[in-house]
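Per-entry structural report
Here's the letter readout for the chains.
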Amino acid sequence: MPRGTSSSVLLPDAPPPASAGVLRFEHVSVAFDDVPALQDVSFEVRQAETRIILGAAGSGKTVLLKTALGLVQPQSGSVHVFGQDITRMTEQQLFGIRSKLGMLFQESALFDSLTIEENVAYPLVNQKAIQCPIEDVSKRVREALRFVELEHTLSRFPSELSGGMRRRVAIARAVVTTPPLLLYDSPTAGLDPITAHTIMALIIKERDLSKIATLIVTHRYQDGALMANFRYNPDNGKLEPARGVGNNITRTTKFLVLREGRLVFEGTQAELEASTDAYISKFRKQSGG
Amino acid sequence: MALLEVVTGPILAVQEFYLLAGRALRNMFREPHYSDDIVLQMDNIGVGSLPIVVMTGFFSGAVMALQLARALAQWGQTGKVGTAVSITLVRELGPALTSLMVAGRNASGMASEIGSMKVTEQIDAMRALGTDPIQKLVTPRLIATCVVLPLLTIIADFVGVFGGYVVAAGMLDVNGRQYWTSVWQALGWDDVTQGLLKPFVFAFVIALVGCYYGLRASGGTQGVGRATTQAMVAASVLIFVLTFFLTRIFTSQLVSAS
Ligand SMILES: Nc1ncnc2c1ncn2[C@@H]1O[C@H](COP(=O)(O)OP(=O)(O)OP(=O)(O)O)[C@@H](O)[C@H]1O
Ligand SMILES: [Mg+2]
């Protein structure tokens, strides 16, 4: 989909230096009622880079994404988004930052009481920093829904769609504001292989068309392998192996492995495959080939 | 540790509740205002509760007339039944019963609605997409309840007095004109103030308790069910407790004034 001018979504007081990381965690620890969910997590993501987050159920993957959005406050450490420390921001200040992030929630989190069209329009209408003229909203909503091939569902309600369709609508809602950082929480969980592949193709398409930073939580190693080795070909609209000269994708796609709230691995696919750690190698075995 | 939690748990809960109340109130004077949501909630709470409020109002008035007529008959004052019915209804029963009905219907409704949004991450999504859930969900419900509950109480009072009239005129052979005259003569301004201030206070209780339990819900659909029941129980109990204290304040004022 066509990208809007990025200046419209940036805070006036935050000129991001070109080299600055899009997202940086520094020794972040999160606990709920003294039960740790994240412990001393540090990593950095730069523009157009991808991070695949793997980890067992309950290892803190969702909490990590929510911390990046400022939905969860860390007990210690700091989170920097586009060069700004969001750890001590008020909710009002956070709204400005969040308009630069798109998030796909694990259970889609579409608003039950709103139609698909209203759901996708929601960030355009409600985020002050977006400043989308009201007459453009409907056009951009249609574009975003066309991107996920669900244009015909405009006036339906989320409860009338299948799980996979809801996931795609939620992706449309996450990308409609053309944010420079996208967070996907388990986009393929519980879906059949064909729908799962369609959704991964959408995510790769979004990454390659707009050179944005992507964080993706997944249970399926092959999702990560796909992100690390394939690119979107705008000429024929298909995925193709990203081999050969200038293959940045494999280099800029890194895997993070979480274990009980701790970051136990960060590296490329080759490094992950070479790991002998029992916990880490478990994730690559489930790929089945 | 566990002992400490027994003490700190409720204190933290009360603190959280006050924080929510403070933020919901502050948002009343802050952009953006979701007037569509306010109208929607007024319709839901007001129009939706009208049938049960009318029913309870009518029958509580009728029952009061039956009971009080028997008591008054001992002194041969059955004709004063209008006085007794109107005072008990306007001062106590109208506000309390209406609020209890609305608490049963709407405090639980708010808790389940907001609770399911909470457990399906819709509240998080709201925050992620630039809206304050308190501004969008709590404040409109609070405003709507505060406007609608006193109105519902007035309706319940009228219907209740009418229910008393039906019993008095139909079953007790009280003269209809005498009944209505005694109703009007019995009511003073302080009864009306008291009768309208109570539902206004209860409106805060219903809306804030319902939203509070909804926003606190966790643990899937089971958690939503728990939040729903807790909200209804807490709101009803608080209404009873507050009725006592508000009545105490009003009666002591009267004593000191006279
Ligand atoms: N709001 C919360 N309140 C209390 N505990 C929480 C909350 N959110 C997460 N946790 C706890 O934090 C830990 C990590 O949860 P998280 O949701 O991040 O897991 P996950 O890695 O996303 O798992 P899954 O793969 O099942 O989605 C869990 O033990 C969970 O119980
Ligand atoms: Mg999760």
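Small disclaimer: the values here were computed from a predicted structure and weren't measured.

Rules used throughout
- Residues numbered from 1 in each chain as written.
- Chains lettered and ligands numbered in written order.
- Predicted model: local features only at pLDDT ≥ 70, side-chain atom pairs only at ≥ 80, totals over all residues.
- Heavy atoms only, no water.
- Near = heavy atom within 4 Å.
- Polar contact = N/O pair within 3.5 Å; in protein donor to acceptor, adjacent residues only side chain to side chain.
- Areas by Shrake-Rupley, 256 points an atom, 1.4 Å probe, with all protein chains shown as cover.
- Helix = DSSP H or I, 4+ residues; strand = E, 2+ residues; numbered from the N terminus.
- Nonpolar A, V, L, I, M, F, W, Y, C, P; charged D, E, K, R; others polar.
- Buried < 20%, exposed > 50% of the residue type's maximum accessible area, 1.4 Å probe, protein only.
- Pairing = 2+ DSSP bridges.
- Axes fitted to C-alpha atoms, helices over the stretch in contact; angles between N-to-C directions.
- Contact = heavy atoms within 4.5 Å.
- Core = buried A, V, L, I, M, F, W, Y, C linked by side-chain atoms within 4.5 Å.
- Disulfide = S-S within 2.5 Å.
- Donors = N, O, S within 2.8 Å, 3.2 Å for Na, K, Ca; no water.
- pLDDT = per-residue confidence, 0-100.
- Buried area = accessible area lost by both parts, 1.4 Å probe.
- Salt bridge = Lys/Arg side-chain N within 4 Å of Asp/Glu carboxyl O.

Attention now moves to the site of ligand 1. Residue and element names in this part refer to chain A. In the vicinity of ligand 1, the residues found are Phe 32, Ala 37, Ala 56, Ala 57, Gly 58, Ser 59, Gly 60, Lys 61, Thr 62, Val 63, Gln 106 and His 219. Measuring from an oxygen atom of ligand 1, one finds a side-chain N or O atom of Gln 106 at 2.8 Å. The side chain of His 219 places a nitrogen or oxygen atom 3.0 Å from an oxygen atom of ligand 1. Computed on the free molecule, ligand 1 has an accessible area of 630 Å², of which 57% lies beneath the protein chains in the complex. Counting residues per element, the shell around ligand 1 draws most heavily on helix 1 (residues 61-68), which supplies three residues. Residue composition of the shell around ligand 1, grouped by class: five nonpolar, six polar and one charged.

Time to look at the pairing of strand 8 (residues 213-217) of chain A. Residues and elements named next belong to chain A. For strand 8, the tally of buried residues reaches five of five residues, placing the bulk of the element in the interior. Side chains Ala 213, Leu 215 and Val 217 project from strand 8 onto one buried face, and the interleaved Thr 214 and Ile 216 project onto a second face that is buried too. Of the strand pairs in this sheet, strand 3 (residues 50-55) and strand 8 are connected by four bridges, and their pairing is parallel. Looking across to strand 8, one finds that Ile 53 is bridged to Val 217.

A few words now on the sheet that holds strand 7 (residues 181-185) of chain A. Residue and element names in this part refer to chain A. An order of 6-7-8-3-11-12 is seen for the six strands of this open sheet, with the pairing classed as mixed. Bordering the open sheet on either side are strand 6 (101-104) and strand 12 (262-267), each of which pairs with just one other strand. Across this sheet, the average inter-strand angle for adjacent strands is 15 degrees, counted without regard to direction. Across six bridges, the pairing between strand 3 and strand 11 (residues 253-259) is parallel. Its bridge partner being in strand 11, Thr 50 is matched across the sheet by Thr 253. Packing against the sheet, helix 5 (residues 163-175) makes contact with strand 6 and strand 7, and its axis sits at approximately 170 degrees to strand 6. Packing of helix 7 (residues 221-229) onto the sheet brings it into contact with strand 3, strand 8 and strand 11, and relative to strand 11 it is tilted by some 155 degrees.

Next up on the list: the sheet that holds strand 1 (residues 23-32) of chain A. Residue and element names in this part refer to chain A. One open sheet holds the four strands; their spatial order is 2-1-4-5, and the pairing between them is antiparallel. Edge strands, defined here as strands with exactly one partner in the open sheet, are strand 2 (35-45) and strand 5 (84-85). Relative to strand 1, helix 1 is tilted by about 120 degrees, and along the sheet it contacts strand 1, strand 2 and strand 4 (76-81).

With that out of the way, let us pick up the nonpolar core. Residue and element names in this part refer to chain A. In this structure, Leu 23, Phe 25, Phe 43, Leu 64, Leu 183 and Leu 215 are the most contacted members of the largest nonpolar core, which totals 84 residues. Aside from chain neighbours lying at most four places away, what touches Phe 25 is Val 41, Ser 42, Phe 43, Leu 64, Thr 67, Ala 68, Ser 78 and Val 79. Ile 116, Val 120, Ala 121 and Met 227 belong to the second largest nonpolar core, which has 49 residues in total.

Moving on: the state of the cysteines. Residues and elements named next belong to chain B. Using the criterion set out here, one finds zero disulfides over all chains in the structure. Between Cys 211, a cysteine without a disulfide, and Cys 146, which holds the nearest cysteine sulfur, the sulfur-to-sulfur distance is 11 Å. Residue Cys 211 is classed as buried on the basis of its relative accessible area, which comes to 0%.

Turning our eyes to something else, we now look at unusual backbone geometry. Residue and element names in this part refer to chain A. The phi torsion at Lys 211 lies on the positive side, around 50 degrees, for a residue other than glycine. For Lys 211, the position within the fold is in the loop between helix 6 (193-210) and strand 8. Backbone geometry at Glu 260 places phi at a positive 45 degrees, although glycine is not the residue there. For Glu 260, the location among the structural elements is in the loop between strand 11 and strand 12. Residue Glu 260 is classed as exposed on the basis of its relative accessible area of 62%.

Our focus in this paragraph is the coordination of the magnesium ion (ligand 2). Residue and element names in this part refer to chain A. The coordination sphere of the magnesium ion (ligand 2), as far as protein atoms go, consists of Thr 62 (OG1) and Gln 106 (OE1), spread over 1.9 to 2.2 Å. Highlighted residues: Thr 62 in helix 1 and Gln 106 in the loop between strand 6 and helix 3 (116-126), separated in sequence by 44 residues. Overall, Thr 62 belongs to the buried group, its relative accessible area being 19%. Given a relative accessible area of 25%, Gln 106 falls into the partly exposed group.

We now examine the confidence of the model for chain A. Reading predicted coordinates in detail is not appropriate for stretches of low pLDDT. Residues and elements named next belong to chain A. Residues of chain A with pLDDT of at least 70 account for 90%, and the chain-wide mean is 86. Highest mean pLDDT in chain A belongs to helix 1 (96); lowest belongs to helix 8 (residues 249-252) (82). Note on residues 1-19: pLDDT is under 50 here. Beyond four places in sequence and across chains, it has 28 contacts.

Taken residue by residue, the interface counts 22 residues in chain A and 17 residues in chain B. Both sides together, the interface formed by chain A and chain B hides about 1,700 Å², and carbon and sulfur atoms give 54% of it. Summed over the shared surface of chain A and chain B, the result is three salt bridges. In this structure, the salt-bridge partner of Glu 121 of chain B is Lys 66 of chain A, at a minimum N-O distance of 3.2 Å.

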